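# Descriptive analysis of the structure
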Amino acid sequence: MAAAGKEVKLIGSRPSPYVARVRIALHLKGVEYEFLHEEVFGNKSELLLRSNPVYKKIPVLIHGGQPICESLVIVQYIDEVWAASGPAILPADPLDRAVARFWAAYIDDKLGPNCVALALRLGDEASRAESKEQLFAGLQLLDEALGKISNGKSFFGGDAVGFLDIAFGSYLGWLKALEKVEGIKLLDESRFPRLAKWAERFCSAKAATDVIPEPDELVEFVKLLAHR
Amino acid sequence: MPAQSPLPSIKAWPLSRFHFIKHYVTILSLLETKDRRTMGGQKGVKLLDFWVSPFGQRVRIALAEKGVEYDYQEENLAAKSELLLKSNPVNKQIPVLIHGSRSVCESLIIVQYIDEVWSDKNPILPSDPYSRAQSRFWADFVDKKVYVSGSKLWKLKGEEQEEGKKEFVETIKTLEAELGDKKYFGGEYFGLVDIAMVPFTAWFYTYEAYSGISVEKEAPKVAAWAKRCKERESVARTLPDPEKVYDFVGLFRKTLGVE
């Protein structure tokens, strides 16, 4: 198989939800890799600048010396290269795939960045209030989508963690950090019952073990950032 | 933090840019709408779209490449149809592909759907995973950079426009380097990145008119690629006349109060 014997490296850092996505995908497929820790506060490494000249950002997967960039692109690459090594990450049916991609794009557009920006306390009072509203509206939509897509099963992907679980689950550390920082409950079981239970299942999933940072870890990270 | 930029990976044609309620009828009557493929329509394939939208054009080109017949429905973005609101309740935007009872939204997602359903001819994505990843990366780059920076050229003035100009030039020079001496972004084959980018070529005339930036000058290989793409029937039939795009933008700027 093309994958056999080729070295797998991942340039990333723990706080990044985008890096988390790649790690979860690699774990799902049982792929061994070298985690090249990119310093958050220092200068960007030569390797990062060389491997992602367009954006100069993490994560970057380097497989047999070839770099692949953009988290969701990387996840799909992993799914295709190691198709035989683990459960499919993207569903088989084209419509299900389109639905999964749609919600992943929505999460990246409306949810994730809002969550991180709020946790980092960016923006003024008015824009933060708007971000929070958008976040709650998005969680509502996702909660409903989960009901439809999962069909009563444990994950968006069905019985196993799939593409959309990874896309959203990667933000759970930041969601929980935001809950701590703001003193509010976001994944409120009374408001978003399906999502709240799904979050517990996701965080306990084997592939997510040790990937999603604890909220305290991220709160500390936010404090460090604020001092820079 | 050096995390991946939280920019959208897919950017649909935002509604807020089309607030031209009072002027829509005027615009429509002044511009001839191009001939649409409304012939027959394969059972159950319908496209909700807006004639000038580069995002809708991506879908039309993909459908044409695959030889899929479909019903075209032009949407009045100032008065969206029930069907549009029902099939894209989240974003309420075109394009939306309705296939039987299923609706698919977001142009690049639709294009990949088309490639996966009608997989028997003219593959839009290559077969090996690394090339596929490169295609997805660059299509996403077009989504993140071309529309946004291009819009700044005709929407903004002064310093903001200057910044937009720098961004746009950087963007097309990056694309120039990626294209290199290839026939298409997809290599020998017209693929996802080509489809993602080619509708914006109808906007080059408008970009130059408002900003003075000539793609021919800044990125001659991209300009040559644009001409090669126009030789494909799917592209020639789909892309609007650049002058009509220019006229549309002129009227639209007035409604936005840019003048």
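Quick caveat: nothing in here was measured; it's all calculated off a predicted structure.

## Overview of the interface of chain B and chain A
Contacts between the two partners involve 36 residues from chain B, matched on the other side by 41 residues from chain A. Carbon and sulfur atoms supply 66% of the area that chain B and chain A bury against each other, a total of about 3,200 Å² over both sides. At the junction of chain B and chain A, the tally comes to six salt bridges. A:D93 serves as the salt-bridge partner of B:R102, at 3.5 Å between the closest nitrogen and oxygen. Across the contact surface, chain B and chain A share seven residue pairs in polar contact (both at pLDDT 80 or more). Considering every element that reaches the side of chain B that touches chain A, the biggest residue donor is helix α5 (residues 129–155) of chain B, with 12 residues. By residue class, the composition of the side of chain B that touches chain A is 19 nonpolar, nine polar and eight charged.

## Remarks on the sheet that holds strand β3 (residues 96–99) of chain B
Residue and element names in this part refer to chain B. Taken in spatial order, the four strands line up as β2-β1-β3-β4 in an open sheet, and their pairing is mixed. Lying at the two open borders of the sheet, with one neighbouring strand each, are β2 (71–74) and β4 (102–105). Sheet twist, expressed as the average angle between the axes of neighbouring strands with direction ignored, equals 20°. Along the sheet face, helix α2 (residues 54–65) touches β1 (45–49), β2 and β3 and points at about 155° away from the line of β1.

## Comments concerning the pattern of salt bridges
If charged atoms from side chains of opposite charge come close, those side chains can pair. All names here are of chain A. A full pass over the atoms with the stated rule returns 32 salt bridges over all chains. A salt bridge links K132 to E182; the shortest N-O distance between them is 2.8 Å. One end of the pair, K132, is in helix α5 (residues 125–150); the other, E182, is in helix α7 (residues 172–182), with 50 residues separating them in the sequence. Residue classification places K132 among the partly exposed positions, given a relative accessible area of 27%. Of the charged contacts, one joins R194 and D143 as a salt bridge, the two residues approaching to 3.3 Å between their closest N and O atoms.

## Remarks on the nonpolar core
If you look at the biggest cluster of nonpolar residues, it comprises 154 residues, and the most contacted ones within it are A:L61, A:F168, A:L195, A:W198, B:L97, B:L175 and B:W225. In terms of residue count, helix α4 (residues 94–119) of chain A provides more of this core than any other element does, 13 residues in total. Other than its neighbours up to four places away in sequence, A:W198 contacts A:L146, A:S154, A:F155, A:F156, A:D165, A:F168, A:G169 and A:L172.

## Comments concerning the UniProt feature "domain: GST C-terminal" (unreviewed entry) in chain B
Within this numbering scheme, the UniProt entry marks residues 128–248 of chain B as carrying the feature "domain: GST C-terminal" (unreviewed entry). For residues 128–248 of chain B, the helix share is 75%, the strand share is 0%, and the end-to-end C-alpha distance is 41 Å.

## Here's the deal with the UniProt feature "domain: GST N-terminal" (unreviewed entry) in chain A
The feature "domain: GST N-terminal" (unreviewed entry), as given by UniProt, occupies residues 6–86 of chain A in the numbering adopted here. Along residues 6–86 of chain A one finds 36% helix and 21% strand; the C-alpha atoms at either end are 18 Å apart.

## Examining the packing of aromatic side chains
All names here are of chain B. The final tally for this structure, using the stated rule, is 28 aromatic pairs over all chains. Ring centres 5.8 Å apart and planes at 15° place the aromatic pair F248 and F252 in the stacked group. Here the residue F248 and the residue F252 both occupy positions in helix α12 (residues 242–256), the gap between them amounting to four residues, near one helical turn. Just as F248 is buried, F252 falls in that class too.

## A closer look at the side chain of A:Q76
In this fold, A:Q76 is placed in helix α3 (residues 71–81). Excluding residues that lie within four positions of it along the chain, A:Q76 makes contacts with A:L90, A:R101, A:F163, B:Q112 and B:R136.

## What about the domain arrangement of chain A?
All names here are of chain A. Its domain assignment divides chain A into domain 1 (8–81) and domain 2 (94–226). A straight line from the C-alpha centre of domain 1 to that of domain 2 covers 21 Å. Facing the 16 residues of domain 1 at the interface are 25 residues of domain 2. Counting the surface lost from both domain 1 and domain 2, the interface buries some 1,900 Å², and carbon and sulfur atoms represent 66% of this. Three residues stand out in domain 1 for area buried against domain 2, namely R14, R21 and I24, and they jointly supply 33% of the buried area on that side. Seen at the junction of domain 1 and domain 2, the total is three salt bridges. The residue E217 makes a salt bridge to R14 at a minimum N-O spacing of 2.8 Å.

## Focus: α12(B)
All names here are of chain B. The terminal C-alpha atoms of α12 lie 21 Å apart, and with 15 residues this matches the ideal 21 Å at 1.5 Å per residue to within 8%. Taken together, the buried positions of α12 are occupied by V245, F248, V249, G250, F252 and R253. Once α12 finishes, G257 follows within two positions and takes phi at roughly 75°, a positive value.

Calculation rules
Residues numbered from 1 in each chain as written. Chains lettered and ligands numbered in written order. Predicted model: local features only at pLDDT ≥ 70, side-chain atom pairs only at ≥ 80, totals over all residues. Heavy atoms only, no water. Contact = heavy atoms within 4.5 Å. Buried area = accessible area lost by both parts, 1.4 Å probe. Salt bridge = Lys/Arg side-chain N within 4 Å of Asp/Glu carboxyl O. Polar contact = N/O pair within 3.5 Å; in protein donor to acceptor, adjacent residues only side chain to side chain. Helix = DSSP H or I, 4+ residues; strand = E, 2+ residues; numbered from the N terminus. Nonpolar A, V, L, I, M, F, W, Y, C, P; charged D, E, K, R; others polar. Pairing = 2+ DSSP bridges. Axes fitted to C-alpha atoms, helices over the stretch in contact; angles between N-to-C directions. Buried < 20%, exposed > 50% of the residue type's maximum accessible area, 1.4 Å probe, protein only. Core = buried A, V, L, I, M, F, W, Y, C linked by side-chain atoms within 4.5 Å. UniProt positions renumbered as here; feature names shortened; annotations may be inferred. Phe/Tyr/Trp six-rings, centres within 6.5 Å; stacked < 30°, edge-to-face > 60°. Domains from an automatic or database assignment. Expected span 1.5 Å × (residues − 1).

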